[in-house]
Amino acid sequence: MPSRAVTMNLVVKCLRDTFNALPDVRAASTEPDPSQIFQQHTADLVVDTWMGGRLHVYLITQEPKVRDLKATLKENTRSSIGTLFLVDAALLPEEQDHYKVADWQFALLHLNDGWIYSYHLDERGRVQVRQVHFAPTPYADHYRVWHLSDFVIEACVVRQREYDDGIRGQWFIGDLASPQYKRRINYERVHQRYHYSTRQTREAAPVPNDQLMHYYRMLGLERSASEKEVKRAFRQMALKVHPDVSALPRQESERRIKELNEAYEYIKEYHGWS
């Protein structure tokens, strides 16, 4: 059985080859970034894109501290370098309906719109990268978890984003999902095509939770509002804050429409409305 060091070396080399095969990537290397004289956190992989972006990839092999994740993001963002965390699959939960996330998992899933990138070495010596998705449940701090085994790295983009949840701030982040893949995943999320049991979860919840009431208040409604009232309130508010029509700065309107969509979807899922 190979040692941990040998296994990690194999994982890094396999990932390097995967990134080098992407059309977005100019070069991927396991050598230290020559542009960084002093690095508190050394990347396992340095990726340069044809668009001029640079990405540092970090393999997480043990539970990290949130402050270390934030320090890495700060260090890279100062140099306009993107950050991508890939987590050893052994540190993440199996598929389940009720999982209480750790603080570091909460931080990472919010960097990637509700999922964490995981990796593992299969029996044929190939590295598999997956998205592990986390969806809120009516229970505070508990999530439904499912794995997307069909995920394929099709893109490598570095972009700056602002985060109001998890590790708050403006960070340069690496993104591996193509626009087409994101559209498919968003569609499946909205239409609840995954196999987790939403109805069983709703029946198990004895009282409305704080998050549910927060979303009702966001729509300006009472808990007793009907399905039609919820839909009407959502549409009226969406017409006011949508980036295409709102007078608000685009970044602010995008944040508000995202929060509004989350509230509407959460309420629908809680009640089992279509």
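So, a few notes on the structure that sits alongside this text. (Residues numbered from 1 in each chain as written. Predicted model: local features only at pLDDT ≥ 70, side-chain atom pairs only at ≥ 80, totals over all residues. Heavy atoms only, no water.)

Digging into unusual backbone geometry
The condition is simple: Counting from the N terminus, the helices are the DSSP runs of H or I reaching at least four residues and the strands are the DSSP runs of E reaching at least two. The cut-offs for exposure are 20% and 50% of the maximum accessible area for each residue type, with area from a 1.4 Å probe on protein chains only; residues under the lower value are buried, those over the upper are exposed, and the others partly exposed.
Despite not being glycine, serine 80 has its phi angle at roughly 60 degrees, a positive value. Note on placement: serine 80 falls in the loop between helix H2 (66-78) and strand S4 (82-88). Its relative accessible area of 43% is what places serine 80 among the partly exposed residues.

What about the packing of helix H7 (residues 227-241) against helix H8 (residues 250-271)?
Short version of the rule: Interaxial angles span 0 to 180 degrees and are taken between N-to-C directions of axes, which are lines fitted to C-alpha atoms, for helices over the stretch in contact. Angles are sorted into four bins: roughly parallel if under 35 degrees, roughly antiparallel if over 145, roughly perpendicular if 65 to 115, and oblique for all others. By the convention used here, residues are in contact when the closest approach between their heavy atoms is within 4.5 Å. Only Asp, Glu, Lys and Arg are considered charged, only Ala, Val, Leu, Ile, Met, Phe, Trp, Tyr, Cys and Pro nonpolar, and every remaining residue, Gly among them, polar.
Where H7 meets H8, the axes come as close as 10 Å, and the angle between the chain directions of the two elements is 170 degrees. The orientation of H7 with respect to H8, classified from their angle, is roughly antiparallel. Facing H7, whose interface residues are Val230, Lys231, Phe234, Met237, Ala238 and Val241, H8 presents Ser253, Arg256, Ile257, Leu260, Asn261, Tyr264 and Ile267. Here the contact of H7 with H8 is built from residues that sort into nine nonpolar, two polar and two charged.

Some words on the pattern of salt bridges
Inclusion rule: What makes a salt bridge here is a side-chain nitrogen of Lys or Arg within 4 Å of a carboxyl oxygen of Asp or Glu, nothing more.
For the structure on display, the rule yields 13 salt bridges. Across the salt bridge formed by arginine 255 and glutamate 252, the nearest N and O atoms sit 2.6 Å from each other. Taken as a pair, arginine 255 and glutamate 252 lie in helix H8 at a separation of three residues, close to a single helical turn. When its relative accessible area of 28% is taken as the criterion, arginine 255 is described as partly exposed. For glutamate 252, a relative accessible area of 23% puts it in the partly exposed group. Put simply, Asp164, Glu252, Arg255, Arg256 and Glu259 are held in one network by salt bridges that share partners.

With respect to the packing of H2 against helix H3 (residues 103-111)
If you want to describe how two helices pack, look at the angle between their axes and the distance between the axes. In contact at an axis separation of 9 Å, H2 and H3 are set at 30 degrees when each is read in the N-to-C sense. When the axis of H2 is compared with that of H3, the two are roughly parallel. Mapping the contact onto sequence places Val66, Leu69 and Leu73 in H2 and Asp103, Trp104, Ala107, Leu108 and Leu111 in H3. Here the residues of the contact of H2 with H3 sort into seven nonpolar, no polar and one charged.

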